[in-house]
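Coordinates in review
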Amino acid sequence: GTTGIEGAVFDLSTGEFLKSGKVLNLQSAFGADVVTRVEEAKKHYQKERELLLKSVELLLKKLEVEEFVASVTCNPVMHHFFLGLPVSSFEKFPFEPASREPKTVGAQELQLPFKGEFYLPPPLKGFVGSDLLANLLYLKEREESFLVVDLGTNAEIALWGEEKKAASVPAGPAFEGIGLFS
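Quantities reported herein were computed from a predicted structural model and do not represent experimental measurements.

Observations regarding the pattern of salt bridges
Within the structure shown, the criterion is met by eight salt bridges. The closest approach of N and O atoms between Lys-61 and Glu-57, which form a salt bridge, is 3.0 Å. With Lys-61 and Glu-57 both in helix α1 (residues 34-62), this residue pair falls four residues apart, about one helical turn. In this structure, a network of salt bridges that share partners links the residues Glu-39, Lys-42 and Glu-91.

Have a look at this one:
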């Protein structure tokens, strides 16, 4: 996420939940929201990306994971930083991601000291990311119609029913519980 990065570990052979954890996204040194970070990326893109990947490394160490297969769901700006894609397309309307393709990338490609790979589902559009997509995919199997509200730094809302609509608004770090990290 923009403010915090969370993860959960499951045994893929049994489906058993093992543990979870969270860390602060070190990128927050460049701003509390994605719009500020996109602006700062004009001067500090590489440093912002390094801080995001360092945060992922810290999370994996905290989870005591050495070998893994991970699914990474996030807002489109974090998706682009993670993959090393340009974020300049988020500066002005229509806020289109540079890529809307799913991607698998190895930990070593990201220069992370682990054996594993990350699968990143595609962002949906603009500032509507794969974090919302994950919720939609989970709930559509269980409910005929529903409303999903994801209150985070990048707040998203989706209506699933006869009509399918999604939107995103900047909300700042207020909903992320900043300062509550252990």
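Comments concerning the pairing of strand β5 (residues 115-120)
Where strand β3 (residues 67-71) and β5 come together, five bridges link them in parallel fashion. When the sheet's bridge partners are listed, Ser-71 is paired in β5 with Tyr-119. Here four bridges tie strand β4 (residues 103-106) to β5, and the two strands are oriented antiparallel to one another. Looking across to β5, one finds that Gly-106 is bridged to Glu-117.

Things to note about the sheet that holds β3
The strand order across the open sheet formed by three strands is β3-β5-β4, and the pairing between neighbours is mixed. Edge positions in the open sheet fall to β3 and β4, since each of these has one partner strand only. Direction aside, neighbouring strands of the sheet carry axes that sit 10° apart on average. Running over the sheet, helix α2 (residues 76-83) touches β4 and β5 and is turned about 145° from β5.

A few points about the sheet that holds strand β6 (residues 146-150)
Sheet architecture is open: three strands sit in the order β6-β7-β8, paired in antiparallel fashion. Edge strands, defined here as strands with exactly one partner in the open sheet, are β6 and β8 (164-170). For this sheet the average axis-to-axis angle between neighbouring strands, irrespective of direction, equals 10°. Pairing geometry for β6 and strand β7 (residues 154-160), over five bridges, is antiparallel. Within β7, the residue paired with Val-149 across the bridge is Ile-157.

Here is what the cut-offs are and how they apply
Counting restarts for each chain: residues are numbered from 1 in the order of the written sequence. Per-residue local features of the predicted model are confined to residues with pLDDT of at least 70, and side-chain atom pairs are confined, for both listing and counting, to 80 or more; whole-chain, interface and lining totals are unaffected and use all residues. Values reported for side chains reflect all heavy atoms of the structure, with hydrogen atoms and water molecules removed beforehand. The term salt bridge refers to a side-chain nitrogen of Lys or Arg lying within 4 Å of a carboxyl oxygen of Asp or Glu. The numbering of helices and of strands both runs from the N terminus, where a helix is a DSSP run of H or I of at least 4 residues and a strand a run of E of at least 2. Here, strands pair whenever DSSP counts at least two bridges between them. To get an axis, fit a line to the C-alpha atoms, keeping to the stretch in contact for a helix; angles then go from 0 to 180 degrees between the N-to-C directions. Note on contacts: a residue pair qualifies if any of its non-hydrogen atoms lie within 4.5 Å across the two residues.

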